[in-house]
Amino acid sequence: MLPLSAAVLDRYVAGESFREAPAVVEALAAEGIDTTVDHLTATPQDETQAIAAVQAYRMLLDRIGDAGLGDRAEVSVDPVAIGLLLPEGEKLAVENARKICRAAHSAGTSLTLAMRDHTTVDATLAVAQALRHDFPATGITLQARLHRTESDCRALAYAGSRVRICKGEEDAPAEVAFTDPGDVDRSYVRCMKVLLGGDGYPMLATHDPRLIEIAGALASRYGRAPGTYEYQAAPRRAARRAAPPGRRR
């Protein structure tokens, strides 16, 4: 690994095991930065591997709760990692996600579902809908790169709905996604308008200074008070949930 790469990853990857994460969460909280923790794992080949991923999340959340950090950290969960592509599909993913949701609730926090790629959008949305009956704070990630996402934002911009918007999958085919960077940015802005103008809780995941500036202007236009939305900064597969508007990373 190149030294620069190591330095960057050290900043965003909490460690090689869940035991190291609470210390990183606590250190970032001291800087005024809230955190989303993602357990990085290979796509499970069977139900046993999916259950192992669930157990890792539960142990992580137990440690976050024991450390009293539930109000400073949430978890990001890829439904694929907990069984979405296995034979039981959505049913298995919902069952496993419920276990993580219960652990998150006990720790005083919540989870946000990640979005793997364009082939899993409908299934991931279905998992989120199922979870929100009992765990309404469950968040969902949408990808501005996809043609459908503005419409999905409209469907999800209701009171209590937590939606993370990111640029998304770079290799998505042109039939379903914008391929020109300018078109992706314009889609991102349209999605922000929908989310910030709606009644939900937008989570704006971008490093782009121009999009962040536009987000601030839109938040002002729609009368968004601090604490009713957030900025997020995340390298691939290592998300960081930002603090209330003012200081974000």
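Thresholds applied
- For every chain, the first residue of the written sequence is number 1, and numbering continues from 1 along that sequence.
- Since the coordinates come from a predicted model, pLDDT governs what is reported: local features require at least 70, and pairs of side-chain atoms require 80 or more to be given and counted, while whole-chain, interface and lining totals use all residues.
- As a convention, hydrogens and water are excluded, and side-chain values are obtained from all of the structure's heavy atoms.
- Secondary structure elements are taken from DSSP: a helix is a run of H or I of four residues or more, a strand is a run of E of two residues or more, and numbering for both begins at the N terminus.
- Burial classes: relative accessible area under 20% of the type maximum marks a residue as buried, over 50% as exposed, and values in between as partly exposed (1.4 Å probe, protein chains only).
- Only heavy atoms matter for contacts: two residues are in contact if any of them lie within 4.5 Å across the pair.
- Reported accessibility uses the Shrake-Rupley method at a 1.4 Å probe radius. Residues are deemed covered only where the shown protein chains occlude them.
- Axis geometry follows a simple rule: fit a line to the C-alpha atoms, using only the stretch in contact for helices, then measure angles between N-to-C directions, giving values from 0 to 180 degrees.
- Roughly parallel means an angle under 35 degrees; roughly antiparallel, over 145; roughly perpendicular, 65 to 115; everything else is oblique.
- Classification used: nonpolar for Ala, Val, Leu, Ile, Met, Phe, Trp, Tyr, Cys and Pro, charged for Asp, Glu, Lys and Arg, polar for all others including Gly.
- The rule for pairing is simple: two strands pair if DSSP sees at least two bridges between them.
- A right-handed crossover is one whose linking path, passing over the helix from the first strand to the second, runs clockwise when the strands point away from the viewer.
- Pairs of N or O atoms within 3.5 Å make up the polar contacts considered here, provided that, within protein, one atom can donate a hydrogen while the other can accept it, and that residues adjacent in sequence are counted only when both atoms are side-chain atoms.
- Stacked, edge-to-face and tilted labels apply to pairs of Phe, Tyr and Trp rings (six-membered ring for Trp) whose centres lie within 6.5 Å, assigned for plane angles under 30 degrees, over 60, and everything in between, in that order.
- pLDDT expresses, on a scale from 0 to 100, how confident the predictor is about each individual residue.

1. Some details on the overall build of the protein
Turning to step 1, where the next piece is worked out: The number of helices and strands found in the protein is eight helices and eight strands.
Turning to step 2, where the next piece is worked out: The proportion of buried residues among the 249 residues of the protein is 50%.
Turning to step 3, where the next piece is worked out: For the protein, restricting intrachain contacts to residue pairs at least 6 apart in sequence, the fraction spanning at least 24 positions comes to 68%.
Turning to step 4, where the next piece is worked out: Surface accessibility of the protein: about 11800 Å² in total, with carbon and sulfur atoms responsible for 52%.

2. Description of the packing of helix 6 (residues 149-156) against helix 7 (residues 181-197)
Turning to step 1, where the next piece is worked out: At a minimum axis separation of 9 Å, helix 6 and helix 7 run at an interaxial angle of 5 degrees. Considering their axes alone, helix 6 and helix 7 lie roughly parallel with respect to each other. Contacts from Thr 149, Glu 150, Cys 153 and Arg 154 in helix 6 reach Arg 190, Cys 191, Val 194 and Leu 195 in helix 7.
Turning to step 2, where the next piece is worked out: Split into classes, the residues belonging to the contact of helix 6 with helix 7 amount to four nonpolar, one polar and three charged.

3. Some points on the pairing of strand 6 (residues 201-205)
Turning to step 1, where the next piece is worked out: Counting buried residues along strand 6, four of its five residues qualify, which places the element largely inside the surrounding structure.
Turning to step 2, where the next piece is worked out: In the sheet, strand 5 (residues 162-166) pairs with strand 6 via four bridges, with the strands oriented parallel. The residue bridging Arg 164 from the neighbouring strand is Met 203, located in strand 6.
Turning to step 3, where the next piece is worked out: Here strand 6 runs beside strand 7 (residues 230-233); their pairing, made up of three bridges, is parallel. Each residue of the ladder has a partner; that of Ala 205, found in strand 7, is Gln 232.
Turning to step 4, where the next piece is worked out: Regarding topology, helix 8 (residues 209-221) serves as the crossover connection from strand 6 to the parallel strand 7, and that connection is right-handed.

4. Quick look at the environment of Leu 92
Turning to step 1, where the next piece is worked out: Structurally, the position occupied by Leu 92 is in helix 4 (residues 89-107).
Turning to step 2, where the next piece is worked out: Residue class for Leu 92 comes out buried when judged on its relative accessible area of 4%.
Turning to step 3, where the next piece is worked out: For the pair formed by Leu 92 and Glu 47, sequence separation is 45 residues and the distance between their alpha carbons is 8.4 Å.
Turning to step 4, where the next piece is worked out: Excluding anything up to four places from it in sequence, Leu 92 contacts Glu 47, Ile 82, Gly 83 and Leu 86.

5. A look at the environment of Arg 224
Turning to step 1, where the next piece is worked out: Tracing the backbone shows Arg 224 in the loop between helix 8 and strand 7.
Turning to step 2, where the next piece is worked out: A sequence separation of 28 residues divides Arg 224 from Leu 196, and the C-alpha atoms of the two residues are 7.2 Å apart.
Turning to step 3, where the next piece is worked out: Residues within four places of Arg 224 in sequence aside, it is in contact with Leu 195, Leu 196, Gly 198, Asp 199, Gly 200, Pro 202, Ala 219 and Tyr 229.
Turning to step 4, where the next piece is worked out: From its side chain, Arg 224 meets the backbone oxygen of Gly 198 in a polar contact 3.0 Å long.

6. Let's talk about the packing of aromatic side chains
Turning to step 1, where the next piece is worked out: All told, the structure shown has one aromatic pair when counted by the stated rule.
Turning to step 2, where the next piece is worked out: With a centroid separation of 5.7 Å and an interplanar angle of 75 degrees, the aromatic rings of Tyr 229 and Tyr 231 are classed as edge-to-face. For the pair Tyr 229 and Tyr 231, one class covers both residues: buried.

7. What about the environment of Ala 107?
Turning to step 1, where the next piece is worked out: The topology assignment puts Ala 107 in helix 4.
Turning to step 2, where the next piece is worked out: Distance in space between the C-alpha atoms of Ala 107 and Leu 61 is 6.1 Å, their sequence separation being 46 residues.
Turning to step 3, where the next piece is worked out: The residues contacting Ala 107, other than those within four sequence positions of it, are Leu 61, Gly 65 and Gly 70.

8. A few points about the confidence of the model for the protein
Turning to step 1, where the next piece is worked out: Mean pLDDT over the protein stands at 87; residues scoring 70 or higher make up 86%.
Turning to step 2, where the next piece is worked out: Note that residues 1-10 has pLDDT below 50 and, in this model, two contacts with residues that lie over four places away or in other chains.
Turning to step 3, where the next piece is worked out: The model gives residues 235-249 a pLDDT under 50, and that stretch makes 57 contacts with residues more than four places away or in other chains.

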